[in-house]
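# Descriptive analysis of the structure
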Amino acid sequence: MEFRKLISVLAVLLVLALPAQAAQVKFKNVSVHDPSILCAEDGRYYIYGSHMQAAWSDDLVDWKMFSKLEKCNLQPDYAVEFKEALTFARTGTFWAPDVIQLADGRYYMYYCCCEGSSPLSALGVAVSDSPEGPFENVQILLKSGYEGYDATQYPNAIDPCVFFDAEDRLWMVYGSYSGGLFLLELDPETGLVKEGQETYGIHLLGGNHACIEGPYMVYNAETGYYYLFLSFGGLGVNDGYNMRVCRSKNVEGPYEDAAGNAMLDCKCDAWSFWDNDDIAPYGTKIMGGCQFTPLEGENSPKASAIRSPGHNSVYFDPQTGRWFLIHHTRFAATGDRYIVQTRELWFNDAGWPVVAPTRYVRDDQLPDGLEFTPTGTWKVLNHEQDVNTVEHTSVAVEFGGDGAVSGGYTGEYNVDGERFSVTLDGVSYSGVCSVGYDADQDAFVSTFTAMSPEGQALWGIRATGQD
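Scope of this entry: the structure provided in the associated data block. The structure displayed is predicted, hence computed values, not measured ones.

## What about empty space enclosed by the protein?
Here the structure, examined in full by the defined rule, presents 7 cavities of 30 Å³ or more. Secondary-structure elements contributing two or more residues to the lining of the largest cavity are β21 (335-347) and β29 (427-438). Of all the elements, β29 adds the most residues to the lining of the largest cavity, at 3 residues.

Structural data, given as structure tokens:
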């Protein structure tokens with residue numbers, strides 16, 4: 001895909017606006033809850049999720065399921081192989097795992113079992129010579145929720161994410177609700193917990209049963225920051241799941257959000273368990289429940305309302321330098337059914353991640369000659385800062401050839417190559433412009449994603465049928 005080297009206000013006046021183009025993109029969807037991504041040696045992508053769900057893809061667009069609890073190819077005899085963890089946690093299933101390949105060439109799956117209504121959990125590690133298994137148990141690493149355990153201060157031992165830092169040290173960030181999220185250093189030779197640490201490691205954020213889980217850590221060498229992605233709220237279709245991020249120059253913290261809030265302060269007040277109002281001001285929200293409201297002449301019946309997107313992982317492609325966010329989501333029209341979506345991710349001028357408003361499609365799926373078109377009618381959506389149980393919706397905005405913005409918002413915008421900036425009602429946002437596939441309208445369209453200095457995420461999709 002080629003982007004204009006420079007689009008100034010004068011250049012915009014000379015550009016012929018390209019109409020939205022007919023698409024017919026068909027995604028091969030899978031239902032993998034809490035998808036954690038791995039790129040194997042052969043270049044194939046794998047995602048692993050709760051209930052021993054797993055799928056693979058060759059392009060991050062189309063997926064094929066190869067394991068689930070009912071047909072568990074990751075470990076066909078899982079009830080025996082992981083009996084210790086299942087027995088301790090008094091459960092028959094598994095929660096969000098993570099898989100990483102270590103120096104010995106083997107694949108290490110950090111699995112977890114949890115009773116569900118309490119933090120009675122066991123987190124362990126299993127190994128395989130193949131990313132598709134079978135994984136053989138090594139040992140349990142952590143337990144939580146036992147008698148005498150203070151769940152307001154200590155973590156629920158689930159939702160692991162294992163990663164290397166900039167100095168090739170191996171870490172595991174983990175936790176869900178309960179006492180918050182914690183960080184432990186691992187031995188890169190064995191994959192086990194490195195000796196000499198506190199039992200649960202370093203407390204990063206959360207506490208008093210704050211509804212925060214699904215941590216995922218990545219390091220961006222260009223910005224020099226560690227980015228800790230999180231999911232706030234409940235995971236059900238009406239429970240407000242949404243994705244947030246904070247960052248630190250040090251893997252051990254302290255972490256802050258874009259507004260400068262210390263994430264160590266992000267927790268519920270004493271005895272106000274599961275109160276989302278206590279934690280809503282914290283964490284830079286990158287995506288929550290949302291819907292682009294169709295405008296006149298667009299396909300209204302097909303428009304979908306996304307609900308409770310979350311528990312994401314992130315992949316950096318070292319060959320192309322591109323970043324991708326992989327998450328599951330539900331929809332208002334289909335209740336608690338869920339599918340996996342991939343979205344491209346960029347970092348804005350302030351070094352904060354901004355996420356594409358449309359699902360990722362391969363470059364070879366984009367029509368030749370399609371370029372970003374700034375002028376015209378846009379649907380603009382602000383994700384706001386709340387834990388929203390009902391989707392936020394877009395408003396209609398006009399982008400003029402003179403750089404002016406009118407309609408639902410007033411202000412001005414500027415496009416410089418891929419960089420996009422806009423000021424709406426006195427608030428400035430910086431991000432990236434691109435072209436994407438609008439599934440609601442089945443058309444390729446111009447889009448932008450941007451963020452304010454305080455961390456307000458703003459999305460835009462250019463309306464179809466106007467050229």
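## Focus on the sheet that holds strand β6 (residues 95-101)
The 4 strands are arranged β6-β7-β8-β9 in an open sheet whose pairing can be described as antiparallel. Sheet topology places β6 and β9 (136-144) at the edges, where each strand pairs with a single neighbour. Strand-to-strand, the axes of this sheet are offset by a mean angle of 20°, without reference to chain direction. As judged from the 7 bridges shared by strand β8 (residues 121-128) and β9, these two strands associate in the antiparallel manner. In the strand pairing of β9, valine 125 is matched with glutamine 139.

## Here's the deal with the nonpolar core
If you look at the biggest cluster of nonpolar residues, it comprises 79 residues, and the most contacted ones within it are Ile47, Ile212, Leu228, Phe229, Leu230, Tyr255 and Met263. Here this core gets 6 residues from one element, more than from any other, and that element is strand β15 (residues 225-232). Sequence-distant contacts of isoleucine 212, defined by excluding residues within four places in its chain, comprise Ser176, Tyr177, Leu181, Leu205, Gly206, Leu230, Ser231, Phe232, Cys266 and Ile279. Counting residues in each nonpolar core, the second largest holds 26 residues, with Ala40, Ala54, Cys72 and Ala122 among its members.

## Points about unusual backbone geometry
Keep in mind that most residues, glycine aside, have a negative phi and that most peptide bonds are trans. Here the bond from glycine 133 into proline 134 is cis, since omega is 5°, no more than 30 degrees from zero. Tracing the backbone through its elements, the reader meets proline 134 in the loop between β8 and β9. Residue proline 254 is reached from glycine 253 by a cis peptide bond, and omega for that bond is 5°. Structurally, the position occupied by proline 254 is in the loop between β16 (242-248) and α4 (276-279).

## What about the pairing of β21?
A regular strand carries its side chains on alternate faces of the sheet. When you tally the buried positions in β21, you get 10 out of 13 residues, the bulk of the element. Sheet analysis places strand β20 (residues 322-331) next to β21, joined by 8 bridges and oriented antiparallel. Residue pairing across strands places phenylalanine 324 opposite glutamate 344, the latter belonging to β21. The hairpin turn running from β20 into β21, its antiparallel successor, is 3 residues long. Examined bridge by bridge, β21 and strand β22 (residues 353-355) share 3 bridges and lie antiparallel to one another. From the neighbouring strand, phenylalanine 347 faces β22, where its bridge partner is proline 353. Linking β21 back to β22 in an antiparallel pair, the connection comprises 5 residues, with glycine 351 at a positive phi of about 80°.

What counts and how
- Residues numbered from 1 in each chain as written.
- Predicted model: local features only at pLDDT ≥ 70, side-chain atom pairs only at ≥ 80, totals over all residues.
- Heavy atoms only, no water.
- 1 Å grid on protein atoms, 1.4 Å probe; cavity = no way out; pocket = protein on both sides within 12 Å on 5 of 7 lines; lining within 4 Å.
- Points joined across faces, edges and corners; volume = space filled by probe spheres on them.
- Helix = DSSP H or I, 4+ residues; strand = E, 2+ residues; numbered from the N terminus.
- Pairing = 2+ DSSP bridges.
- Axes fitted to C-alpha atoms, helices over the stretch in contact; angles between N-to-C directions.
- Core = buried A, V, L, I, M, F, W, Y, C linked by side-chain atoms within 4.5 Å.
- Buried < 20%, exposed > 50% of the residue type's maximum accessible area, 1.4 Å probe, protein only.
- Contact = heavy atoms within 4.5 Å.

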